[in-house]
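# Coordinates in review
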Amino acid sequence: MNLQAKGLVGFELMYKPAVVLIMSALLALLLRLAMKIQHISYLKPNNLRKFLHSPVSLGFLFFWIVVLLFFSMLEMLAITHALAAAHQGERLTGVDIFRSTIFTLKEMFSLKLFLTFPFVFAMTVFTSYPSIVLATTNTGIPEYFQAFLSRNQGLNTILYIMVLVLLFLLSMRCIVFCFSATSGLSLSQSWAACSSLNSRRFWKNTAIMLVWYALLIAFIFAVYFVTVIILGLIVKIVVPSSLKVLMFLRCTRLMAMYLSFILELFFFPIYYSMMVTIYARWKKSEDKKVCSSSYGEPYKHKKHVKVIMVIAVTIVLLADSSGCAYLYFSNVFDDIVFTRRAEVAAHRGSEKRAPENTMEAIRLAIEEDADYVEIDVRLSRDGFVILSHDESLKRTAGVDKLVSEMDYAEILQYDVSGEFHDKYGTVRIPTLEQVIDLTRGKVKLIVELKPNEKDKGIAEATMDVLARKEFVGKCLIQSFDYDCLKVVKSIAPEQECGIIFKVPAGIYAEMEGIDFYTVKVTFLSDTYIEKMHALGRRVFVWGGMKNIAICEMNNLGVDVFIATDSVRYASVLSEQRSNWVERLVGKWFYGGNLFRINRNTDKNKNSTSEHNQKTKK
């Protein structure tokens, strides 16, 4: 093992990233095709069962698994070649290992290796289990299966244990079987050699492998746990108080994704190499031939090797580049509620911690890493597009005057700092142009048009500002007034527009020129979201929500939350995708208020959780 360590690391660094990219792109393509064929615009819990039971989905899944097993078998062959050469005293580079494996590809299609696919599948699942668990616990996947498993908890626990035991026993036999098969033995000879080795030391072999597996898992868990604690300490010391929880959750999730990739890169070859080495030593102790070199010859041949290698590498690079391009442009995983992340818009800027609809609030929202900033615009008497939610300045500036009856020069005289005066001093009302200059390239912008009853020229004035600033199509425009949106579309058809509903009307599907819907949370249902997504339009939600309601709306497939406290919403959404280690460390460092969210999607349990929270308060 030590002799081939560098060669195996080099091979894995070349091979595994390419396979991960190819398989990810293939999975994205198959998911998109399956959803398109079944007319599913958004994969959610309510249509997941139908999707999984479809012959189309099952066929695509079977094809994807076969391709995955092919790559896994290829990796097994490569590691076997490396170990066989090591036991014969030869040192191989990563290129040598890859080259020798390419030359034996024909063996992949022979009967004796094709019949090992079930064993390769067992081995792949068993050795990939740690990385799969780490990756899935940082998505929304577990919570959607939690309710299903809880209905038959006892039976499912027994079946789960039986499957793990079966996978382990099969993977042990698979190791020796593949090792023997690549030594040039027939299928019956390979099986006999495998059975012979296992029959003498079966329980000892099992115990050793379980101990090694457990030690590897324990080491990985310890590294992950310590890393989360270190991240928690760094965030607590460095990050501002309002962002501590959010940054901790985002950093730990990103770290978990990287760690799961590293696990997938090295756990399989390490565990596989360890098992094969142990068996090889037992064979050697019995004075048996460790492994013939019949498959070691190809890497010594020089003819046409470079041409074949160039062709193979070119194919891999093309597959990787096309796969990455597809994943980047298709955004297929955004249509799956298990893996997506809903975006958060800061309502009127960070209005909880700064004066609403001001440069200070917008600047703070950018610092707090909001996905969008939502602002309200009105038209002054002299034609300036300014930020103001109310028609009057009475609430924000204490002056009972209408915006539409004042020039901007007069409006600038009033201080709108309100309760934040001690922190920000005097604060003035900005124009849309100033906001565009501030937000360009830093955060996405949602502009809500607020027409007054007499003059609806706000649409034309806003589009004029966007045109002058070359910002048409680079922001979103929404309004309660459908006529304003029709004016916007008539000026710039490419501009994305959204209609705001307090109560969703039944005629929304007939509205032309609407790209997204903004609906009050009280009246938003799974049926409306499904219909809106079926029309190819996004769903934005507004209105005050408790933590559990945010989770429920996210599970229903809401695309953007327009939040008065964007940091809290983003933190809740991140916590919903966190695992128990992150929540435990989060409680230690930042308290338990946020980390008590009930992640179960069952409505009755959610209601009970809300009632308990009220009782505690």
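First, a word on scope: everything that follows refers to the structure included in this document. Predicted, not measured: the structure shown is a model, and the values here were computed from it. (Residues numbered from 1 in each chain as written. Predicted model: local features only at pLDDT ≥ 70, side-chain atom pairs only at ≥ 80, totals over all residues. Heavy atoms only, no water.)

Turning next to the overall build of the protein. If you tally the helices and strands in the protein, you get 23 helices and 11 strands. Each of the 617 residues in the protein was classed as buried or not, and the buried ones make up 51%. Pairs at least 24 residues apart make up 68% of the contacts formed inside the protein by residues separated by at least 6 positions. Surface accessibility of the protein: about 29400 Å² in total, with carbon and sulfur atoms responsible for 64%. (Helix = DSSP H or I, 4+ residues; strand = E, 2+ residues; numbered from the N terminus. Buried < 20%, exposed > 50% of the residue type's maximum accessible area, 1.4 Å probe, protein only. Contact = heavy atoms within 4.5 Å. Areas by Shrake-Rupley, 256 points an atom, 1.4 Å probe, with all protein chains shown as cover.)

The biggest cluster of nonpolar side chains holds 116 residues, and the ones touching the most others in it are Tyr 271, Ile 375 and Phe 561. Per element, the largest residue contribution to this core is 14 residues, and it comes from helix H10 (residues 244-285). With near-sequence residues (within four places) excluded, Ile 375 lies in contact with Asn 357, Ile 362, Leu 387, Leu 432, Val 435, Leu 445, Ile 446, Val 447 and Glu 448. Core analysis: the next-biggest nonpolar cluster, separate from the first, contains 11 residues, Ile 386, Leu 393, Val 403 and Val 416 among them. (Core = buried A, V, L, I, M, F, W, Y, C linked by side-chain atoms within 4.5 Å.)

With that out of the way, let us pick up the packing of helix H20 (residues 547-556) against helix H21 (residues 566-576). The interhelical angle for the contact between H20 and H21, taken along N-to-C directions, is 65°, at an axis separation of 10 Å. Viewed along their axes, H20 and H21 form a crossing whose handedness is right-handed. Counted together, Asn 547, Ile 550, Cys 551, Asn 554 and Asn 555 of H20 and Arg 568, Tyr 569, Val 572, Leu 573 and Gln 576 of H21 form the full contact between these two elements. (Axes fitted to C-alpha atoms, helices over the stretch in contact; angles between N-to-C directions. Left-handed = near helix turned anticlockwise from the far one by under 90°.)

What follows deals with the pattern of salt bridges. Oppositely charged side chains are able to pair whenever their charged atoms sit close together. A full pass over the atoms with the stated rule returns 18 salt bridges. Here Lys 450 and Glu 448 are joined by a salt bridge, their closest N and O atoms 3.0 Å apart. (Salt bridge = Lys/Arg side-chain N within 4 Å of Asp/Glu carboxyl O.)

Its identity is not glycine, yet Arg 348 carries a phi of approximately 60°, on the positive side. If you trace the backbone, Arg 348 turns up in the loop between strand E1 (343-347) and helix H12 (359-367). In the Ramachandran plot, Asn 357 falls in the positive-phi region, its phi being about 55° despite a non-glycine side chain. Secondary-structure assignment places Asn 357 in the loop between E1 and H12. Classification of Asn 357 by relative accessible area gives buried; the value is 3%.

Inspection of the secondary structure puts Glu 75 in helix H3 (residues 55-87). Owing to a relative accessible area of 5%, Glu 75 belongs among the buried residues under this scheme. Aside from chain neighbours lying at most four places away, what touches Glu 75 is Phe 11, Glu 12, Tyr 15, Lys 16, Phe 268 and Pro 269.

A few words on a nonpolar patch on the surface. A cluster of nonpolar side chains, namely Val 226, Ile 230, Leu 233, Ile 234, Ile 237 and Val 238, defines an oily patch on the protein surface of about 580 Å² accessible area. Checked against the element boundaries, Val 226 lands in helix H9 (residues 187-238). (Patch = residues over 30% accessible without salt bridge, like charges linked within 9 Å, V, L, I, M, F, W, Y side chains within 5 Å.)

Most of strand E9 (residues 516-520) is tucked away, with four of its five residues classed as buried. Strand direction decides the pairing type here: strand E8 (residues 496-501) and E9, joined by four bridges, are parallel. Bridge pairing in E9 links Gly 498 to Phe 516. As defined by bridge partners, E9 adjoins strand E10 (residues 538-542) across five bridges and the pair is classed as parallel. Its bridge partner being in E10, Tyr 517 is matched across the sheet by Val 539. (Pairing = 2+ DSSP bridges.)

Turning our eyes to something else, we now look at the environment of Glu 351. Among the structural elements, Glu 351 can be located in the loop between E1 and H12. Take Glu 351: its relative accessible area is 18%, and that puts it in the buried class. Linking Glu 351 and Ala 361, residues 10 residues apart in sequence, is a C-alpha distance of 6.0 Å. Leave out the neighbours within four places in its chain, and Glu 351 touches Glu 356, Phe 420 and Thr 564. Within the local environment of Glu 351, its side chain forms a polar contact with the side chain of His 347, the two groups lying 2.8 Å apart. (Polar contact = N/O pair within 3.5 Å; in protein donor to acceptor, adjacent residues only side chain to side chain.)

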